[in-house]
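A structural walkthrough
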Amino acid sequence: MRKTVDTDNETKTVDSKETPGSEKKKSYCKLNTVTSERSPGLSILKKMILLQCTVYISLPVILCLFPWILGHVVCSHWLRLPYLVDLASPAELSLNHTLNFYLSPEEGISLGVWHTVPDSQWQKAQGSGPEWYSETLGDESPVIIYLHGNVGSRAIHHRVELVKILSAAGYHVLSLDYRGYGDSSGEPSEVGMTSDAIYLYQWVKTRSRTSEVCLWGHSLGTGRMNSLCRVATNAAVKIQEQAKELARERARDPRDITLADLEPSYAVDGVILEAPYTNMEEEVASHPLSMLYQYLPGFESILHHIMQRNNMVFANDENLKTLTTRVLFLHAEDDNVVPFYMGQKLYQIALQAHRQWDAEDQVDMVSYSESLGYSHNYIYLDPNLASVVGRFLQRRNNSYYPDNIRRVGD
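Our subject in this report is the structure included herewith. (Residues numbered from 1 in each chain as written. Predicted model: local features only at pLDDT ≥ 70, side-chain atom pairs only at ≥ 80, totals over all residues. Heavy atoms only, no water.)

A look at the overall build of the chain
The helix and strand inventory of the chain stands at 13 helices and 11 strands. The burial tally for the chain puts 48% of its 410 residues in the buried class. Accessible surface, the chain as shown: approximately 20,800 Å² in total, 55% of it carbon and sulfur. (Helix = DSSP H or I, 4+ residues; strand = E, 2+ residues; numbered from the N terminus. Buried < 20%, exposed > 50% of the residue type's maximum accessible area, 1.4 Å probe, protein only. Areas by Shrake-Rupley, 256 points an atom, 1.4 Å probe, with all protein chains shown as cover.)

As for helix α12 (residues 340-355)
In this model α12 runs 23 Å from its N-terminal to its C-terminal C-alpha over 16 residues, within 8% of the 22 Å that 1.5 Å per residue would give. Among all positions in α12, only F340, M342, G343, L346, Y347, I349, A350, L351, A353 and H354 are buried. (Expected span 1.5 Å × (residues − 1).)

Describing the pairing of strand β8 (residues 270-274)
In terms of burial, β8 is a largely internal element, 5 of the 5 residues being buried. What you see with β8 is no split at all: G270, I272 and E274 on one side and V271 and L273 on the other are buried throughout. Bridge analysis of β8 against strand β9 (residues 327-332) gives 4 bridges, and the strand direction is parallel. The partner of E274 across the bridge, within β9, is L330. (Pairing = 2+ DSSP bridges.)

So, the pattern of salt bridges
Inspection of every chain in the model, using the stated rule, returns 10 salt bridges. Residues E161 and K164 are paired through a salt bridge, measuring 3.4 Å at the closest nitrogen-oxygen approach. Taken as a pair, E161 and K164 lie in helix α5 (residues 157-168) at a separation of 3 residues, close to a single helical turn. In this structure K164 comes out as partly exposed when scored by relative accessible area, which is 27%. When the shortest N-O distance is used, the salt bridge between R179 and D196 registers 2.8 Å. Pair noted here: R179 is in the loop between β6 (172-176) and α6 (190-208) and D196 is in helix α6, with a separation of 17 residues, a long-range link. You'll find R179 and D196 in the same group, each marked buried. In the salt-bridge network here, residues are joined through shared partners; they are E106, R179 and D196. (Salt bridge = Lys/Arg side-chain N within 4 Å of Asp/Glu carboxyl O.)

A few points about the nonpolar core
In this structure, L174, L200, L320 and F329 are the most contacted members of the largest nonpolar core, which totals 47 residues. Beyond its immediate stretch of four places on either side in the chain, L200 contacts L103, V113, I145, L174 and L176. Judged by nonpolar contacts, the second largest core, of 29 residues, contains A155, C214, I379 and V408. (Core = buried A, V, L, I, M, F, W, Y, C linked by side-chain atoms within 4.5 Å. Contact = heavy atoms within 4.5 Å.)

Things to note about unusual backbone geometry
Negative phi values dominate among residues other than glycine, just as trans dominates among peptide bonds. Even without being a glycine, S94 presents a positive backbone phi close to 65°. Within the element layout of this structure, S94 appears in the loop between α2 (68-75) and β3 (98-103). With relative accessibility at 47%, the residue S94 sits in the partly exposed group. The phi angle at S375 is positive, at roughly 50°, despite the residue not being glycine. As for its placement among the helices and strands, S375 is situated in the loop between β10 (363-368) and α13 (385-394). Judged by relative accessible area, which is 13%, S375 ranks as buried.

Some remarks on the packing of aromatic side chains
Considering all chains together, one arrives at 6 aromatic pairs under this definition. Seen in terms of ring centroids, W132 and Y133 are 5.1 Å apart; in terms of plane orientation they differ by 90°. Their pairing is edge-to-face. Since its relative accessible area comes to 24%, W132 is described here as partly exposed. One cation-aromatic arrangement involves R326 over F392; the distance from NZ or CZ to the ring centre is 5.4 Å. (Phe/Tyr/Trp six-rings, centres within 6.5 Å; stacked < 30°, edge-to-face > 60°. Lys NZ or Arg CZ within 6 Å of the ring centre and 35° of its normal.)

Details of α6
Along its 19 residues, α6 runs 27 Å from first to last C-alpha, staying within 8% of the 27 Å computed at 1.5 Å per residue. A positive phi of about 50° marks R209, the residue just after α6.

Description of the environment of F392
With respect to the helices, strands and loops of the structure, F392 is situated in helix α13. Each C-alpha atom, one on F392 and one on V363, is 9.4 Å from the other, the two residues being 29 residues apart in sequence.

Examining the pairing of β6
Along β6, 5 of the 5 residues are buried, which leaves the element largely enclosed by surrounding structure. Neither face of β6 is open: one carries H172, L174 and L176, the other V173 and S175, and all of them are buried. Pairing analysis gives 4 bridges linking strand β4 (residues 111-116) to β6, with the strands arranged antiparallel. Looking at the pairing, V113 lines up with L176 of β6. Examined bridge by bridge, strand β5 (residues 143-147) and β6 share 5 bridges and lie parallel to one another. Paired with V143 across the two strands is H172, which belongs to β6.

Here you go:
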């Protein structure tokens, strides 16, 4: 029912159902409606924050309970990149003078290997079999055993391109897929991968006669975890120890063993470390994901525990303190996987170690300016790379550079 009321000559129509205070009630209802409309959004935000906190706290706990997860992430061998490539047919990747073969370092393990001969032998390689390839290792051309990083196989683009450059420079290149990688069987581990590298080295050394044999290690971790040059230094140190043992057996007085007494037909002739890091634990700690936990109490102890459980140390820094062979470091300043300072640190460690034997001229480093954009995987783009490697391999007793270190791209 509506009523008409005259007030000061104005006419107003009033709903008879309205009562004093009804307008306040309406306002309250409107406010309550707005509040209820905002509640779902706030609830979702709270849930998201709670979920992030749960994941943040749970991740270290999960890795402590299941340390093998981190091992699989570091190795990333399950990423069979590139897909749809027949590793048994390197000619599909324009490696027309390359033989694919397999080695068995132990029962149940099969390792896939490519042997690429120097470009100058391209025509002779056509139609040739394993015997011919094996025989060429003793033609006095330097032999480079390439130990690639994590993720994928020996067929990844930047690895294939490096092989082509080294082959064009006149080197034999043997590209190895460690156990668990590519078409190789087994599961990767530091001990296993080191054994694979040593086995291939010994296989090459028995066929290379007087040819130089060099280990080239690139990062174990192009998946942002980082460098199998750890395998290279591991292998080089173990081979060096075995060479010393041979020398001791032949010496009348083991205390008189010197560097010159090392078995020349067995010791590694040189080691090239491309984008190396100090050790696996420090590399993992420098990863962006790990940086999120740097202020978490006890994180360093947790990380150390996890790495020890995985038996993955890859201590380049410790290996280089005892390695006596020539070492060349290649590192880009804009490396977004292995920080550049790690390469510098390793260079100083190796330099200091060689000073003890008056052989500091056997340690060299080439750094690449950030402006070149070589990052972690593209040092092969350096047009002078073949010359850099050539001078390193040829000069055994002379200084490589006046100050042993050079910066490219200034």
